[in-house]
Amino acid sequence: MTQNELPPTNIIQPHITVIVPAFNEQATIASTVNHIAEHLRQLTTRWDIVVIDDGSRDQTAHLVRNLPINLNTTLVRFSRNFGKEYAISAGLEHAGGDIVICMDADGQHSAELLGQMLQKWREGYNMVYAVRQDRESESHFKRWGSRVFYRMISLGGQIHIPRDAGDFRLMDRQVVDALLSLPERNRFMKGIYAWVGYKSVGIPYKPLPRSHGESTFSKLKLIQLAWTGVTSFSVMPLRLASAVGGLLAFLAFIYGLYVVVDHLFFNESVPGWPTIVAGMMFFAGVQLLFIGILGEYLARIYDEVKGRPPYIVAEVNKPEANS
C-alpha cells in the first residue's frame, strides 16, 4: 500500500490496541483501564490494551499484572524511568492492532472520543489527534512556555506541529510502522508524528479532571522536552547564533570606525579600560552561550552514535500468562 492510498476502511471489525504510558499511577491505572475497555467493547470485538510502566516506584506494575484477564491488558515494564516519549515508543512496538490509540494513564483523556476517532479513520484519515481546547486550568508558566515553544518550532520551518495537539491520538498501521522505522534515540513524539506525514485531522477535546494526585511532569522535564523538540526538528538556535554574531560583528566594526574617526579628526581620546573590559566580557559571554548551543547539537550526535537502546524492557506480562 502506498502512502497516498486510503487506510483499509473495509475492515468492519478492526483490531484496536490502546497504549497507556504510566508512571506512578497506582491510584488511577485500574479505573482507567476498565474505562477504556468498556468503550472498546462497544467499538469492536478485537481489542487489547498495553500498559507501559515507565519505572514506577509505586504499585502500578503490580496492579496491572493482576488485572482480570477479560481486560486483555499486557504489561510492559521498564527497568527504570526512561521518560514518556520512550514509553510511547515501546507501546507502539508491542502494539499488534490495525489501529493504535495512545492515551494517558491519569484518566484525563476521555474514552468517549474513541468512537469519533474511529469514525474519522473510516472516512480515510490515517491519523486522528485530539486538540486541547481549554488551557485555563494550566499554570501561566506552561501556557507561556507552550506559546514560545510553538513559535520557535514554526520559525524552523521544517515541519508543522499542530498547536495544542498532544499524544492522545489514533494511528493506523501505516503510521505505526513508519514511526517504528525511525532509528533516532532522542525522540520528541509530537514532532515525529508530524514528520511522518500521512492524512491527518484534529478533533477538539477538553481534558477531564484528574481523579487522584497531580501531574508528575515537572517544569524541568517540560523544559527538557521542549529543548529536545527544538534541537531535533529545528536549526533555528544555530541560525540565531549566526545572526546575532553577524550583528555584533557589524556593531563592533561601526564602533571601531567611530573611535578611529573621532581620534584622527577631532583629537578626542580613545575610551579607556572600562569600555574595553566591558566589551570583552560581553563578547566572551555571547561566545560561550553560542558554544553551549553548538554543544547541545553535538551532544545529540554523541547520543546517536553510541548506539545504546533507547530503553530496556525488564518484563512483558501478557494476559494469557495470568490464566
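Computed from a predicted structure; not experimentally measured. (Residues numbered from 1 in each chain as written. Predicted model: local features only at pLDDT ≥ 70, side-chain atom pairs only at ≥ 80, totals over all residues. Heavy atoms only, no water.)

### Details of the pairing of strand E2 (residues 47–53)
Side-chain direction in a regular strand flips from residue to residue, so the side chains alternate between the two faces of the sheet.
Step number 1: The buried count for E2 comes to seven of seven residues, which makes it a mostly enclosed element.
Step number 2: Residues Trp47, Ile49, Val51 and Asp53 line one face of E2 and the alternating positions Asp48, Val50 and Ile52 line the opposite face, and both faces are buried.
Step number 3: Pairing between strand E1 (residues 16–22) and E2: seven bridges, direction parallel. Bridging across to E2, proline 21 finds its partner in isoleucine 52.
Step number 4: The handedness of the E1 to E2 crossover, carried by helix H1 (residues 29–43), is right-handed.
Step number 5: Alignment of E2 against strand E3 (residues 73–78), held across five bridges, turns out to be parallel. Each bridged residue has a counterpart across the sheet, and for valine 51 the counterpart in E3 is leucine 75.
Step number 6: The handedness of the E2 to E3 crossover, carried by helix H2 (residues 60–65), is right-handed. (Buried < 20%, exposed > 50% of the residue type's maximum accessible area, 1.4 Å probe, protein only. Helix = DSSP H or I, 4+ residues; strand = E, 2+ residues; numbered from the N terminus. Pairing = 2+ DSSP bridges. Right-handed = clockwise from strand over helix to strand, strands pointing away.)

### Looking at a nonpolar patch on the surface
Step number 1: Where nonpolar side chains cluster on the molecular surface, the patch consists of Leu294, Leu298, Ile301 and Val305 and spans about 390 Å² of accessible area.
Step number 2: Its location among the elements puts leucine 298 in helix H10 (residues 273–306). (Patch = residues over 30% accessible without salt bridge, like charges linked within 9 Å, V, L, I, M, F, W, Y side chains within 5 Å. Areas by Shrake-Rupley, 256 points an atom, 1.4 Å probe, with all protein chains shown as cover. Salt bridge = Lys/Arg side-chain N within 4 Å of Asp/Glu carboxyl O.)

### Some remarks on the nonpolar core
Step number 1: Judged by nonpolar contacts, the single largest core of 34 residues is most densely connected at Val18, Ile49, Ile101 and Phe168.
Step number 2: Beyond its immediate chain neighbours, meaning those up to four positions away, valine 18 contacts Ile36, Leu40, Asp48, Ile49, Val50, Ile101 and Met103. (Core = buried A, V, L, I, M, F, W, Y, C linked by side-chain atoms within 4.5 Å. Contact = heavy atoms within 4.5 Å.)

### Some details on unusual backbone geometry
Step number 1: Located in the positive-phi region is asparagine 72, a residue other than glycine, with phi close to 50°.
Step number 2: Its place among the elements puts asparagine 72 in the loop between H2 and E3.
Step number 3: In this structure, tyrosine 198 is a non-glycine residue whose phi angle is positive, near 75°.
Step number 4: Among the structural elements, tyrosine 198 can be located in the loop between helix H7 (189–196) and strand E7 (200–205).
Step number 5: On the accessibility criterion, tyrosine 198 (21% relative accessible area) is partly exposed.

### Notes on helix H6 (residues 173–180)
Step number 1: Residues Gln174, Val175, Val176, Ala178 and Leu179 constitute the buried set of H6.
Step number 2: Those residues of H6 hidden inside the fold are in contact with helix H3 (84–94), strand E4 (99–102), strand E5 (127–132), strand E6 (165–172) and H7.

### Thoughts on the environment of valine 286
Step number 1: Considering the arrangement of structural elements, one finds valine 286 in helix H10.
Step number 2: Considering only alpha carbons, one finds valine 286 and valine 244, 42 residues apart in sequence, at a separation of 8.9 Å.

### Considering the sheet that holds E5
Step number 1: With mixed pairing, eight strands are arranged side by side in an open sheet as E7-E5-E6-E4-E1-E2-E3-E8. Pairing within the sheet leaves two strands with one partner each, and these edge strands are E7 and strand E8 (313–317). Sheet twist, expressed as the mean angle between neighbouring strand axes with direction ignored, is 20°.
Step number 2: Two elements, E4 and E6, share four bridges in a ladder whose sense is antiparallel. Bridge assignment links isoleucine 99 to a residue of E6, and that residue is aspartate 172.
Step number 3: Strand contacts of helix H4 (residues 113–122): E1, E4, E5, E6 and E7, with the helix running at about 50° to E6, the strand carrying the most contacts. (Axes fitted to C-alpha atoms, helices over the stretch in contact; angles between N-to-C directions.)

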